[in-house]
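The lines below spell out each chain.
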Amino acid sequence: MKYEDAIKKYDPVIGIEVHVELGTVTKMFDAAPNSFGGGPNSNITPTSLGLPGSLPVVNEKAVEYAIKIGLALGCDIAESCRFARKNYFYPDVPKDFQTSQSDEPIAANGEVEVELEDGTMVTIPVERAHMEEDAGKNTHVGGATGRIHGAVHSLVDYNRAGVPLVEIVTHPITGTGERAAEVAAAYVRTLRDIFRALGVSEARMEQGNVRADVNVSLRESPEAPLGTRTETKNVNSFRSIERAVRYEIARQATVLESGEKVVQETRHWHEDTGETTSGRVKSDADDYRYFPEPDLVPLVPSRDWIEELRATLPELPAQKRRRLAAVWGFSDLEMRDVVNAGLLETIEDTVDAGAKPSAARKWWTGEIARLAKQQERHPTDLVTPVQVAALAQLIKDGRLNDKLAKEVLAGVVAGEGEPAEVMTARGLEIVEDTGALEAAVAEAIAANPDVVEKIKGGKMQAVGALMGPIMKATRGQADAGKAREMILAKING
Amino acid sequence: MSELIRRSALELAAGLKSGEFSSVEVTQAHLDRIHASEDDFGSFITITDDLALETAQAVDAKRSSGEELHPLAGVPVALKDLVVTEGVRTTAGSKMLENWVPPYESTVHTKVKAAGLPVLGKTNLDEFAMGSTTEHSAFGTTRNPWNLDRVPGGSSGGAAAALAGFQAPLSVGTDTGGSVRQPAAFTGTVGVKPTYGSISRFGIIAMASSLDQVGPMGRDVADAAALHELLAGHDPLDSTSLPDEVSGFVEAARRGDLKGKKLGVIRQLRGEGYQDGVIDSFTAALDIAAAAGAEIIEVDCPSISYALDAYYLIMPSEVSSNLARYDGMRYGLRVEPDAGPVTAETVMAATRAAGFGSEVKRRIILGTYALSAGYYDAYYGSAQKVRTLIQRDFARAFEEVDVLVSPTAPTTALEFGAETGSDPMALYLGDVATLPANLAGIPGLSLPSGVADGLPVGLQILAPARRDVALYEVAGPLEAALVSAGGRVLDTLAEGLSAK
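Residues numbered from 1 in each chain as written. Chains lettered and ligands numbered in written order. Predicted model: local features only at pLDDT ≥ 70, side-chain atom pairs only at ≥ 80, totals over all residues. Heavy atoms only, no water.

A.B. asks: In this structure, what is going on with unusual backbone geometry? I would like to understand it.
C.D. replies: Trans is the common state for peptide bonds, and a negative phi is the common state for residues other than glycine. Residues and elements named next belong to chain B. The omega angle of the peptide bond from Gly 154 to Ser 155 is 10 degrees, so this bond is cis rather than trans. Considering the arrangement of structural elements, one finds Ser 155 in the loop between β3 (119-123) and α5 (157-164). Positive phi outside glycine occurs at Ala 92, with the angle close to 60 degrees. The topology assignment puts Ala 92 in the loop between β2 (77-80) and α4 (107-115). Overall, the relative accessible area of 0% leaves Ala 92 in the buried class. (Helix = DSSP H or I, 4+ residues; strand = E, 2+ residues; numbered from the N terminus. Buried < 20%, exposed > 50% of the residue type's maximum accessible area, 1.4 Å probe, protein only.)

This is the structure in structure tokens:
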């Protein structure tokens, strides 16, 4: 069954678990560096290896970040919470338990406002955000696909073991109907933006800083009880999230249509085929034997600290976008282009440096973006907001027109200096010498009697035909407005 | 038998300070004694002659150059083989760690090294500290110096035997349910379980994290107090470590006075099922305390009746999780299955089947069961509630009395094999008097109260949490009163050993 048909027939319910790796200097429970690169098993201590006798100590910065995330998601921050051991045997888990939080998360009961492409706002209910440590990484050697099946042996790298994570779990998200897949992707994108705004993580999806598990179930109608869900693990791009949800909705609908039952299970997402396949059957028999971590004392963040952190919370992306759009007078579409291009802060800086918002937007999303694309670089790698503001100022002062400004920009990008320097060095400043302009105008009129006749006959747009030769004669440096005035004065005067 | 090994740790410290003898002499005397008596006692898993003598030489050199030294510098010590020692094999008494040489240092050993105490070796214990006889060791039997047909107690049996056998003047043990106090009682020595968090657990191989505590052991109260002072103090590497400043224990032991002290006898811990000789010795000790001016008051701690049940849910639960890491993947024993596919899962299973002894397996199974979904509330959850009730009982009792007293163990040292039979509950019952202190986190101390049928009897003192000094304020003068009434318990043994 196709997605489009599936969502006509069934009401999809989604739930999303997002893991974000915190950008702390050290790991969650020990002093090993929290960084990538370096050889396998180089960022480890006795504690991150789980050596006999080693003990955990909570990273205060990680707690601070977790509280910030909780606050940004509008959660209540627990007055006291504990870590818990999640017990299971797996080689990449050094202690054969993961230190996590079970029934006492640091943050609970929040919500996130998510904006869809067309500006529709959706509120996602957040159940909880809790702290935990990451596992190491297994590499399976000898198999065809890098999977464990067929492998001759496996290698474990514990560099990632103990990296601090915050896991954010939604309540079931209902009422999204045909937009379920879009909502799922937009939600994770919004969280990504929040993590970056808070400065708690680099939040790069492609590096696995942010990972999403997507739960999907279908039911006959919004009034019906929740259906059986599947959990698709490690979907790690916005596009994949959308595709995976679409695929699961269509797949489950097909299963239900054929009279079968959806199996509660973990599923794997395959980027190449755009399909999910059955993984481990997940049942309620999964027993992690959670109990409070006895090696750590309860965490009791003081109210003062929480309020201090709340006060330092940066404006969140959605709030900021709304505020700037109003102040700058951008349309929703213009704002979305700016945000999608990752230029919001850049334009803000350019405006701060003195440019008009419309000019800043025009340059950054226009010519600069075009040049950047040519060079396969990011616009901000080419010029600085201060340079763009200076360029805009030269135009405003009448010393450059748009065409000349593009040449100046090219010079700045080429490293020839600041806009004013490039303008002078390349001799691009608009000709103020009315003598030269007058001569060019007279020459153009003389050379085009037919055009002059048209103008005399009232066809004012024919003036444009004279501008070409005038610009050519002045090497483009003529002030077009002034030239027009002169032409009309000469012909009609 | 060299006269040096008869001296207490503080006597040795004084002699070292005055230049009467060197640390090398003292250390060598103890090493000689160990090598001469190990066949009988089997106290040690690893003997570290070179390491000990190196430290001794260094201390002697520093002393002769006039450097400021720790009061115990140069006095040898034995470490239970649950204490991680960088570069020195640390086994936890288990086949699982038979050849494990730690790449890092425990806080306890760091402190011992910094103070300049030569480490004589690593003492025997029940595997991962699980047991009360030291019979559950993968490294042979430790015998009680009082009677080689008897166990030394456990799990710190090697540590206690080393003291009683005059192999070491000081021992570091660990106590999760009585593992320092009970062997001290069985060997006529002094063992202390400090307040939970008093001594860092960083580098102590975990059995049950919320109950484990490092325990200083000596042949008299002042020696144990001196070792306690050395080992205690806040450690940022242990989140459960207390911030308390620790000092004055030796002073308290020496200056303490029983006059006006209120000693509470726990009604639930005096009598039923106890050996006659134990009861007699305890009662006699109370009389001596009373004669010295102490007030003996009977107090009620009703929740103690549930302590054993709670302990045997909490302890195995934590054990099942703490010992999960021994899976053959990173360090220690690794065993591949005899048949079938070699996968992470089958290697883990084969390793754990081969590496753990029966008592360890029993507790892992118990704990896994108790933590399972659907049982958690009934077992682990309820046990934690009992724990709170016991804490309240103790707190209430300490409003009435300065310390609580009881026999340390229901019996004197057992014969080998007596309690490793079919009924583990009988063995577990031996912990009934000691484990409530671990559940409540309060400090406890065992000192010899006398001898019954040729074997020493221990008397336990319990004090309020973070009032470890109260143990010494009572134990010091009580020991003095007992010695003046009946002589030093260990002297009986020392005479016998010398005659040999």
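Additional details are given in the paragraphs that follow.
A.B. asks: Before we go on, may I ask you to explain the domain arrangement of chain A in this structure?
C.D. replies: Segmentation of chain A into domains returns domain 1 (3-309), domain 2 (315-425) and domain 3 (434-492). Relative to domain 3 of chain A, the C-alpha centre of domain 1 of chain A lies at a distance of 67 Å. (Domains from an automatic or database assignment.)

A.B. asks: Any chance you could explain the packing of aromatic side chains here in plain terms?
C.D. replies: The description of two aromatic rings rests on the distance between their centres and on the angle between their planes. Throughout the structure, instances matching the rule amount to 18 aromatic pairs over all chains. An angle of 65 degrees between the planes, with centres 5.5 Å apart, marks the rings of Phe 291 of chain A and Tyr 380 of chain B as edge-to-face. Of this pair, Phe 291 of chain A sits in strand β14 (residues 291-292) while Tyr 380 of chain B is found in helix α13 (residues 377-400), placing the two residues in two different chains. Looking at Phe 291 of chain A, the relative accessible area reads 2%, which means it is buried. Geometrically, the ring pair formed by Phe 128 of chain B and Tyr 326 of chain B is tilted, given 4.9 Å between the ring centres and 45 degrees between the ring planes. Note that Phe 128 of chain B is positioned in the loop between β3 and α5 and Tyr 326 of chain B in the loop between α10 (307-322) and α11 (344-355), a separation of 198 residues in sequence. Given a relative accessible area of 0%, Phe 128 of chain B falls into the buried group. (Phe/Tyr/Trp six-rings, centres within 6.5 Å; stacked < 30°, edge-to-face > 60°.)

A.B. asks: Would you mind showing me how to read the environment of Ser 221 of chain A here?
C.D. replies: Residue and element names in this part refer to chain A. Within the secondary structure, Ser 221 sits in the loop between β10 (210-219) and β11 (230-235). Given the relative accessible area of 23%, Ser 221 is considered partly exposed. Separated by 69 residues in sequence, Ser 221 and Tyr 290 place their C-alpha atoms 36 Å apart.

A.B. asks: I'm lost on the sheet that holds strand β4 (residues 170-175) of chain B in this one. Help?
C.D. replies: Neighbouring strands of a sheet are bound in pairs by backbone hydrogen bonds; such pairs are parallel or else antiparallel. Residue and element names in this part refer to chain B. Pairing within the open sheet is mixed, and its 11 strands lie in the order β1-β3-β2-β4-β6-β5-β10-β11-β9-β7-β8. Lying at the two open borders of the sheet, with one neighbouring strand each, are β1 (44-47) and β8 (295-299). Mean inter-strand twist for the sheet, computed between neighbouring axes without regard to direction, equals 30 degrees. Where strand β10 (residues 444-452) meets strand β11 (residues 455-462), 8 bridges bridge the pair, whose relative direction is antiparallel. Each bridged residue has a counterpart across the sheet, and for Val 451 the counterpart in β11 is Pro 456. Across the sheet, helix α16 (residues 468-486) touches β5 (190-193), β7 (262-266), β9 (403-407), β10 and β11, and the angle it forms with β10 is around 15 degrees. (Pairing = 2+ DSSP bridges. Axes fitted to C-alpha atoms, helices over the stretch in contact; angles between N-to-C directions. Contact = heavy atoms within 4.5 Å.)

A.B. asks: Mind showing me how you'd approach the nonpolar core here?
C.D. replies: Ranked by internal contacts, the top residues of the largest apolar core, which has 143 residues, are Phe 128, Phe 394 and Ile 461 of chain B. Filtering out sequence-adjacent residues up to four positions away, Phe 128 of chain B remains in contact with Leu 82, Ala 92, Ser 94, Met 96, Leu 97, Ile 205, Met 207, Leu 323, Tyr 326, Phe 356 and Val 360 of chain B. By size, the runner-up hydrophobic cluster in this structure holds 72 residues, among which are Met 28, Val 114, Ala 212 and Leu 296 of chain A. (Core = buried A, V, L, I, M, F, W, Y, C linked by side-chain atoms within 4.5 Å.)

A.B. asks: I would appreciate a short explanation of the sheet that holds strand β4 (residues 97-100) of chain A in the present structure.
C.D. replies: Spatially, the 3 strands line up as an open sheet ordered β4-β3-β14 (chain A), and their pairing is antiparallel. Every interior strand has two partners, whereas the edge strands, β4 and β14 of chain A, have only one. Strand direction decides the pairing type here: strand β3 (residues 84-87) of chain A and β4 of chain A, joined by 4 bridges, are antiparallel. Within β4 of chain A, the position partnered with Arg 85 of chain A by the bridge is Thr 99 of chain A. Its contacts with the sheet place α10 of chain B against β3, β4 and β14 of chain A, and it is angled at close to 60 degrees to β3 of chain A.

A.B. asks: Hey, could you run me through the interface of chain B and chain A in this one?
C.D. replies: Quoted interface sizes are often the accessible area lost when the parts come together. With 39 residues of chain B in contact, the opposing surface of chain A contributes 32 residues. In total, about 2600 Å² of surface goes out of reach between chain B and chain A, with carbon and sulfur atoms giving 59% of it. On the surface where chain B and chain A come into contact, there are 2 salt bridges. The partner of Arg 201 of chain B in a salt bridge is Asp 295 of chain A, with the nearest N and O atoms 3.0 Å apart. In this assembly, chain B and chain A are joined by 17 residue pairs in polar contact (both at pLDDT 80 or more). Broken down by secondary-structure element, the contributors of at least two residues to the side of chain B that touches chain A are α10 and α11 of chain B. Tallying contributions element by element places α10 of chain B first for the side of chain B that touches chain A, with 5 residues. Tallied by class, residues from the side of chain B that touches chain A come to 21 nonpolar, 11 polar and 7 charged. (Buried area = accessible area lost by both parts, 1.4 Å probe. Salt bridge = Lys/Arg side-chain N within 4 Å of Asp/Glu carboxyl O. Polar contact = N/O pair within 3.5 Å; in protein donor to acceptor, adjacent residues only side chain to side chain. Nonpolar A, V, L, I, M, F, W, Y, C, P; charged D, E, K, R; others polar.)

A.B. asks: Hey, could you run me through the pairing of strand β5 (residues 107-115) of chain A in this one?
C.D. replies: It is a general feature of regular strands that their side chains alternate between the two faces of the sheet. Residue and element names in this part refer to chain A. Examined bridge by bridge, strand β2 (residues 76-77) and β5 share 2 bridges and lie antiparallel to one another. Within β5, the residue paired with Ile 77 across the bridge is Ala 107. Relative to strand β6 (residues 121-133), β5 runs antiparallel, the two being bridged by 8 bridges. Bridge pairing in β6 places Ala 107 opposite Ala 129. Hairpin connection between β5 and β6: a loop of 5 residues separates the two successive antiparallel strands, and Gly 119 in this loop has a positive phi of roughly 90 degrees.

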